[in-house]
Amino acid sequence: MATHTAFHSLQVSRLVPFNRAHALLYSVAVLAALHRRLDALLAPATLLSISVSLPILLADLVLAFMWLTDQALRWRPVRRREFPDRLALSVDPKDFPAIDVFICTADPHREPPMSVASTALSVMAFDYPTDRISIYVSDDGGSEVTLFAFMEASRFARYWLPFCKENGIVVRSPEVYFRSSNGGDSEKMKMMYQTMKEKVETALERGYVGNDLVSSQEEAEVFKRWKGLPSHDHPSMIQVLLDTSKDTDIMGNALPNVIYVSREKRPTSPHHFKAGALNVLTRVSSTMSNGPMILTLDCDTYSNDPRSPLHALCYFLDPAVSPDLAFVQFPQIFQGLNKNDIYACEVKRLYTINPRGKDGLGGPNYVGTACYFSRRSLQGTPSSTSLAPGANDPLSSESVLRKAHEVASCTYEPGTKWGSSIGFRYGSLSEDYHTGYHLHCEGWKSVFCYPSRPAFLGDAPKNLNDVLSQRKRWCVGLFEVAFSRCCPLTFGTMKASLLVGLCYAHEAFWGSWCIPITIYGLLPQLALIYGIPLFPKVSDPWFYLYAYLF
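Residues numbered from 1 in each chain as written. Predicted model: local features only at pLDDT ≥ 70, side-chain atom pairs only at ≥ 80, totals over all residues. Heavy atoms only, no water.

As annotated in an unreviewed UniProt entry, the chain carries the name Cellulose synthase-like protein and comes from Musa troglodytarum. Recorded under Subcellular location (unreviewed entry), the UniProt text for the chain is reproduced unchanged: "Endomembrane system". (UniProt positions renumbered as here; feature names shortened; annotations may be inferred.)

Right under this line is the structure:
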């Protein structure tokens, strides 16, 4: 079955009937296998055989549960296609909605400021009206070096944006582009970029921004505010680096807004990690540009296709889809993976396969980056939201900055619905999963947008310690949702639907894979040593059941 509109199309997988038939047949086989395991456990046996049979039954029950939840992902997978060229011809760019881009960083040593600035430059150079783009950088590390990097990047943008558009450059992250491009005008730009990079790296090595690095006394005064302030205890700091109403590139074209934000931090106030930072950016941006669309990006996820906003608009500007559309999620795709992906960082099932299955039911989950939100969806349910008007005063005006500092303070959220029913949700280390899950339970929909050219590329963990830390954080965050009152098996199935609840349960209990993996990794050897059969012999008719299941 196919559905077509002016700007996009949808095709349901032709394998759906076969998937459902297979699920029915396989479920009978799984039940039969569990019945056999239970019979073996209840039959008269020794303590040793019971100590082997009981864990094996537990492992099989977990495997059966995870298989069951996985079937929801295969119930109605779909593929979508967008037609951005039709959109560009049908809609005047002056009528495109404004986009607020949120980029979060927290540690200048683990997340080099120049890499974060290159991410920002890549989205500043979108094929989109620049006066409708606002970049908000959340620096939870409160680092003056990060601010300095963005000051330098804002100056560099005057040359970089015209260079990209005049030369038809597609990869508009200067860090990525200059790895492989040499000669001609690109060599001059590369020298400018290298000079900027050396200044920022010098500041990073020193740990502060010296007067010899800044361009004016006014900038030097800005950095004096950082002296003696610890990263976990400081007032909010907001700096407008570019203002589209008055800043232009070398060709006279307006530049995007660029705003640096370091929210207030106090040891006595919870900061709620990344979700808290995103909520501060949501509020600060609402006092300044108040764009109807919000793009969230990890600091290492750069734009690989400058037309990605047009792909998202193919859905947001469709009146049949947009009323209850919360977000358009692009796949998270990684660059630089080694040939064998030894740390299993590509995670294709999570980022590219499962989202197609969810897309046929109500939409994919939010994965924390490469996602365009409707600001309305962060303000309540589809039936109760309306977009507040944006601020009319200049970004740098005293009244706007005073309001922005107010909403970035630690005392603003207590007693409000922020983090519970408004904004990005608190209560889990996996704030992306938690937020997308609640939006779907509130009646919102989402769309999986997977164009042939990856819209965004990011960095995967590069060593075992980073991989283990990441997976531990995922497991803890998902279990925090699984074992809460919002468990997808109960809350999700009631508020969204049975199939959507099972999809979210499959991810919420993702960490439980360790149970069957550990048991099957250890017990077969012990059973072999003590002569305890775990599986039927080839001559036993039950053997064919296990062969089929395998």
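Turning our eyes to something else, we now look at the overall build of the chain. Per the secondary structure count, the chain includes 18 helices and 14 strands. Against the globule reference of 24 Å for 550 residues, the chain gives a C-alpha radius of gyration of 26 Å, in line with a compact fold. Residues counted as buried form 53% of the 550 residues belonging to the chain. The contacts of the chain with a sequence gap of at least 6 include a subset with a gap of at least 24, amounting to 79%. If the 53 positive side-chain charges of the chain are averaged to one point and the 52 negative ones to another, these points end up 6 Å apart. (Helix = DSSP H or I, 4+ residues; strand = E, 2+ residues; numbered from the N terminus. Rg over C-alpha atoms; globule rule 2.2 N^0.38 Å. Buried < 20%, exposed > 50% of the residue type's maximum accessible area, 1.4 Å probe, protein only. Contact = heavy atoms within 4.5 Å. Lys, Arg positive; Asp, Glu negative; His and termini not counted. Charge placed at Lys NZ, Arg CZ, Asp CG, Glu CD.)

This part is about the UniProt feature "active site" (unreviewed entry) in the chain. Residues given the UniProt feature "active site" (unreviewed entry) here are Asp140 and Asp432. Residue placement: aspartate 140 occurs in the loop between strand E5 (133-139) and helix H5 (144-166). For aspartate 140, a relative accessible area of 13% puts it in the buried group. Once residues within four sequence positions are removed from consideration, aspartate 140 is found in contact with Thr105, Ala106, Ser231, Arg263, Lys265, Phe273 and Ala277. Those residues in contact with aspartate 432 that sit more than four places away from it in its chain are Asn365, Tyr366, Val367 and Gly368.

Sheets are built from strands that pair by backbone hydrogen bonding, the pairs being arranged parallel or antiparallel. An order of E6-E7-E5-E4-E8-E12-E10-E13 is seen for the eight strands of this open sheet, with the pairing classed as mixed. Each edge of the sheet is formed by a strand with only one pairing partner; in this case those strands are strand E6 (237-242) and strand E13 (445-448). Each strand of the sheet is rotated relative to its neighbour by a mean of 20°, with strand direction disregarded. Contacting strand E4 (99-105), E5, E6 and strand E7 (257-262), H5 runs over the sheet at an angle of about 15° to E6. The strands that helix H13 (residues 431-441) touches are strand E10 (325-329), strand E12 (371-374) and E13; relative to E10, the one it contacts most, it runs at about 140°. (Pairing = 2+ DSSP bridges. Axes fitted to C-alpha atoms, helices over the stretch in contact; angles between N-to-C directions.)

With that settled, consider the environment of isoleucine 532. Within the secondary structure layout, isoleucine 532 lies in the loop between helix H17 (514-530) and helix H18 (542-549). On the accessibility criterion, isoleucine 532 (16% relative accessible area) is buried. The spatial distance from the C-alpha of isoleucine 532 to the C-alpha of lysine 246 is 79 Å, given a sequence separation of 286 residues. Those residues in contact with isoleucine 532, other than ones at most four positions away along the chain, are Leu48, Ser49, Val52 and Ala527.

The next point concerns the side chain of aspartate 305. Its place among the elements puts aspartate 305 in the loop between strand E9 (302-303) and helix H10 (308-316). Although aspartate 305 lies buried, it forms no salt bridge, and the closest oppositely charged side chain, arginine 453, sits 5.1 Å away as judged by the N-O distance. Apart from the residues lying within four places of it in its own chain, the contact partners of aspartate 305 are Phe126, His311, Arg453, Pro454 and Ala455. (Salt bridge = Lys/Arg side-chain N within 4 Å of Asp/Glu carboxyl O.)

A positive phi angle, close to 45°, is found at valine 347, a residue other than glycine. Examined against the element boundaries, valine 347 turns out to sit in the loop between strand E11 (333-335) and helix H11 (348-359). Within the chain, alanine 370 stands out as a residue other than glycine whose phi angle is a positive 55°. Looking at where alanine 370 falls in the secondary structure, it is placed in the loop between H11 and E12. The exposure class of alanine 370 is buried, given its relative accessible area of 1%.

Helix packing geometry: the angle between the two helix axes and the distance between the axes. The geometry of H5 relative to helix H7 (residues 185-206) is characterised by a closest axis approach of 9 Å and an angle of 175° between their N-to-C directions. By the angle class used here, H5 and H7 are roughly antiparallel. Here H5 contributes Val145, Phe148, Ala149, Glu152, Ala153, Phe156, Tyr159, Trp160 and Phe163 to the contact with H7, which in turn contributes Asp185, Ser186, Met189, Met192, Tyr193, Met196, Lys199, Val200, Ala203 and Leu204. Here the contact of H5 with H7 is built from residues that sort into 15 nonpolar, one polar and three charged. (Parallel < 35°, antiparallel > 145°, perpendicular 65-115°, else oblique. Nonpolar A, V, L, I, M, F, W, Y, C, P; charged D, E, K, R; others polar.)

Spatial ordering of the open sheet is given by E9-E14-E11, a layout of three strands whose pairing is mixed. Since the sheet does not close on itself, it has two edges, and those belong to E9 and E11, each with one partner. Pairing between E9 and strand E14 (residues 456-459): two bridges, direction antiparallel. Across the sheet, the residue bridging to serine 303 is phenylalanine 456, located in E14.

Right, let's talk about the packing of helix H9 (residues 273-288) against helix H12 (residues 398-407) for a bit. Contact geometry of H9 with H12 gives a least axis separation of 9 Å together with a crossing angle of 165°. Here H9 lies roughly antiparallel to H12, going by the angle between them. Relative to H12, the crossing made by H9 is right-handed. In this structure, H9 contributes Arg283, Val284, Thr287 and Met288 to the contact, and H12 contributes Val400, Leu401, Lys403, Ala404 and Val407. In terms of residue class, the contact of H9 with H12 is built from six nonpolar, one polar and two charged. (Left-handed = near helix turned anticlockwise from the far one by under 90°.)

A separate point is a nonpolar patch on the surface. A cluster of nonpolar residues, Leu48, Leu526, Ile529 and Tyr530, forms a patch on the protein surface that exposes about 420 Å² of accessible area. The biggest single contributor to the nonpolar patch is H17, with three residues. For leucine 48, the position within the fold is in helix H2 (residues 47-73). Leucine 48 gets classed as partly exposed once you look at its relative accessible area, which sits at 38%. (Patch = residues over 30% accessible without salt bridge, like charges linked within 9 Å, V, L, I, M, F, W, Y side chains within 5 Å. Areas by Shrake-Rupley, 256 points an atom, 1.4 Å probe, with all protein chains shown as cover.)

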